[in-house]
Amino acid sequence: MKTNYYDYIIVGSGIAGLYIALLAIERGSVLVLTKGSIDDCNTKYAQGGIAVAMGKDDSPELHFKDTMAAGAGLSDAEAVCILTEEAADCMADLIKFGVPFDTLNGEITLTREAAHSVSRVMHAGGDATGEHIEVTLSREVRAAPIKVLENCLATEILVQKGKVVGVKALDCQTGSVDDYVCNSLILATGGAGRLFKYTTNSDVVTGDGIALAFEAGAEISDMEFFQFHPTVLRLPGVAPFLISEAVRGEGGILKNVEGHRFMPDYAAKAELATRDIVARSTVREMKKTHSDRVFLDVTHLPSRLITTRFPHIYRFCRNHGLDITKGLIPVAPAAHYLMGGVKVNSWGETNIPGLFAAGETACTGVHGANRLASNSLLESVVFSKRIVERTKTSASPESCQPSAVSRPCCLPEREALPKVPSLTVPNLQSLMWDKVGIIRSGKSLEEAAGIVATWESCLPQPGDRPSYELNNLVLCARLVTEAALLREESRGAHFRTDFPQTSPEWQKHIVFRKNAVK
Ligand SMILES: Cc1cc2nc3c(=O)[nH]c(=O)nc-3n(C[C@H](O)[C@H](O)[C@H](O)COP(=O)(O)OP(=O)(O)OC[C@H]3O[C@@H](n4cnc5c(N)ncnc54)[C@H](O)[C@@H]3O)c2cc1C
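This text gives an overview of the structure that appears in the document. Keep in mind it's a predicted model, so treat the numbers as computed, not measured. (Residues numbered from 1 in each chain as written. Predicted model: local features only at pLDDT ≥ 70, side-chain atom pairs only at ≥ 80, totals over all residues. Heavy atoms only, no water.)

A word on the packing of helix 6 (residues 208–216) against helix 15 (residues 465–486). Axis separation between helix 6 and helix 15 bottoms out at 8 Å; the angle between their running directions is 75 degrees. As far as their axial angle goes, helix 15 and helix 6 are roughly perpendicular. Of helix 15, the residues touching helix 6 (which contributes Asp 208, Ile 210, Ala 211, Phe 214 and Glu 215) are Glu 469, Asn 472, Leu 475, Cys 476 and Leu 479. Its residues placed into classes, the contact of helix 6 with helix 15 shows 6 nonpolar, 1 polar and 3 charged. (Axes fitted to C-alpha atoms, helices over the stretch in contact; angles between N-to-C directions. Helix = DSSP H or I, 4+ residues; strand = E, 2+ residues; numbered from the N terminus. Parallel < 35°, antiparallel > 145°, perpendicular 65-115°, else oblique. Contact = heavy atoms within 4.5 Å. Nonpolar A, V, L, I, M, F, W, Y, C, P; charged D, E, K, R; others polar.)

Below is the structure:
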């Protein structure tokens, strides 16, 4: 048992996990567990970049203002202040580790994205920011005395006397299960995009950290807020591929299949409106025109701008027979980012001592009801750094105090339905897309909640990676659906046809905890 002891155990090897590992190794021994290979994650797919207020016309205050506005009344001001003020310091770390951000005449180049007041998004390799980050950080981790176990799936958080003491993990190649013991356990397992039929997310993103934390008694917040990206390539036989927000930022326009530019009909900011508005407007246009797609048009932009600013997107489309400098790009919305997750305080601490969460799996409160583009990579590093700071100063970590405004509640009990579709990942993803997707209603959510609860009541005992992932997806589906049902209003990314307005009564968070008092 003692040989499996580490000061820090980090679950996940995206930007959050690797960045923490590189900082934590200065303080003690570090183990990174990751269920695939080191670079299986969402991070490597990030295109647009990282938002940091460093331009001459920018300031952390302005970045704060934009982030708070996007969050639709639910962003935590203290967390957003930390995010925007500590951003530059974390960027200096990334540069020190070797991330090759794009420069012009020695100055970092900044681009503009929807709902940002100014250009403030740093990028690398044009639109290959995430790949550069992942490659750089994993190279640094490999070179440091950090133990990395690939194909190792965390299956249970070990808690003793109310404190987290480690994690149980399955070696996906040999099938053996081991306990790993630590002082600080950090979940950096990403979001839950694989809940939905159409998603930009990697297939490793199955909500594992959220499910494990919930089972261990951690608070889970804001699960109803799932961001759908409006422009994801929709080509037959091609997996969903993100067409970055920055393409609209550079002047790309959206047209329906009849050739009409529709965004000005819906929002004054047209294509630069927030993602939720563009995604919903797109769904409405698709319905109106009986089509499963709209088009993104960049043919009016200089070809050189497209090929140099978006080389990755240009190449990907060209490899699938589409020259985007000459032809329209077929796109449709897809699930992209989970604003909710494991509730943490501004030091990344959960309500269970010894358990931390970082990156997309955490709910720090910065995104509120809607994430501002390019704030998630930033959130991953800013709050990861604070976890290491916190564990440096406190040998026995404290825990996140229960929120005064939102008392945690239990998942409601539901009767099993007599007849439901069989439980498979595609059936679950279709159900979530159709009933709990971009446009929801009480009726569709009730239907989904009943089916998911029935599935939950007869889950098989998990034994391998697919079965653990399926169980985790079912639990996350329940959390998302029940939270969406409870929230009887529309706000940010959560839209209900039966409650289309934002209600001041709902300016609060929905927090679930397994053993909360009913
Ligand atoms: C296509 C795309 C484009 C994006 N573009 C941007 C952008 O331009 N700017 C921006 O700010 N954000 C962007 N985002 C969002 C951003 O990339 C993610 O929020 C961020 O990368 C999440 O990092 P992470 O470290 O939290 O998780 P991930 O990078 O998803 O990594 C999660 C890790 O956890 C591991 N894991 C999961 N479960 C287990 C388990 N049970 N046991 C062991 N390991 C486990 C996974 O294998 C993986 O290594 C984009 C996302 C996508 C999908």
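That covers the picture; the talk isn't over yet.
A few words now on the site of the ligand. With respect to spatial proximity, 39 residues lie near the ligand, and among them Thr 43, Gly 49, Glu 360, Ser 376 and Leu 377 are the closest. Thr 43 places a side-chain nitrogen or oxygen 2.5 Å from an oxygen atom of the ligand. Measuring from an oxygen atom of the ligand, one finds a backbone N or O atom of Leu 377 at 2.8 Å. Protein coverage of the free-state accessible area of the ligand, which is 1000 Å², stands at 98%. Every element with two or more residues in the shell around the ligand is listed here: helix 1 (15–24), strand 9 (152–160), strand 17 (329–338) and helix 12 (376–393). (Near = heavy atom within 4 Å. Polar contact = N/O pair within 3.5 Å; in protein donor to acceptor, adjacent residues only side chain to side chain. Areas by Shrake-Rupley, 256 points an atom, 1.4 Å probe, with all protein chains shown as cover.)

Here the focus is the sheet that holds strand 7 (residues 121–122). In space, the 3 strands of this open sheet follow the order 3-7-6, with antiparallel pairing throughout. The open sheet terminates on both sides in strands that have one partner only, identified here as strand 3 (50–51) and strand 6 (110–111). Pairing of strand 3 with strand 7, which is carried by 2 bridges, proceeds in the antiparallel orientation. The residue bridging Ile 50 from the neighbouring strand is Met 122, located in strand 7. (Pairing = 2+ DSSP bridges.)

Below, the discussion takes up the packing of aromatic side chains. Each aromatic ring pair is specified by the distance between its two centres and by the angle formed by the two planes. A full pass over the atoms with the stated rule returns 8 aromatic pairs. When the ring of Tyr 198 is compared with that of Trp 433, the centres are 5.0 Å apart and the planes differ by 70 degrees; the resulting orientation is edge-to-face. Here Tyr 198 is found in the loop between strand 11 (177–187) and helix 6, whereas its partner Trp 433 is found in helix 13 (residues 425–435), with 235 residues between them in sequence. Assessed through its relative accessible area of 24%, Tyr 198 is described here as partly exposed. For Trp 433, a relative accessible area of 18% puts it in the buried group. The rings of Phe 196, Tyr 198, Phe 226, Phe 228 and Trp 433 are connected pair by pair, giving a single aromatic cluster. The cationic tip of Arg 234 hangs over the ring face of Tyr 198; the distance from NZ or CZ to the ring centre is 3.9 Å. Above the plane of the ring of Trp 347 lies Arg 386, whose end atom (NZ or CZ) is 4.0 Å from the centre. (Phe/Tyr/Trp six-rings, centres within 6.5 Å; stacked < 30°, edge-to-face > 60°. Buried < 20%, exposed > 50% of the residue type's maximum accessible area, 1.4 Å probe, protein only. Lys NZ or Arg CZ within 6 Å of the ring centre and 35° of its normal.)

Read from one edge of the open sheet, 5 strands run 14-13-17-16-15, paired in antiparallel fashion. Single-partner strands in this sheet number two, and they are strand 14 (241–242) and strand 15 (253–255). Where strand 16 (residues 294–297) and strand 17 come together, 3 bridges link them in antiparallel fashion. Looking across to strand 17, one finds that Val 294 is bridged to Val 331.

So, about the environment of Val 52. By the element assignment, Val 52 lies in the loop between strand 3 and helix 2 (60–70). Note: C-alpha distance between Val 52 and Glu 446 (394 residues apart in sequence) is 41 Å. Aside from chain neighbours lying at most four places away, what touches Val 52 is Asp 58, His 63, Ala 87, Ala 88, Met 91, Arg 120 and Met 122.

Below, the discussion takes up the nonpolar core. Ranked by size, the top nonpolar core spans 65 residues in total, and within it Ile 9, Leu 185, Leu 195, Leu 355 and Leu 479 carry the most contacts. The biggest single contributor to this core is helix 15, with 11 residues. When near neighbours in sequence (up to four residues on either side) are disregarded, Ile 9 contacts Leu 31, Leu 33, Val 167, Tyr 180, Val 181, Cys 182, Ser 184, Leu 185 and Ile 186. In this structure, Ala 16, Ile 25, Val 148 and Leu 378 belong to the second largest nonpolar core, which totals 48 residues. (Core = buried A, V, L, I, M, F, W, Y, C linked by side-chain atoms within 4.5 Å.)

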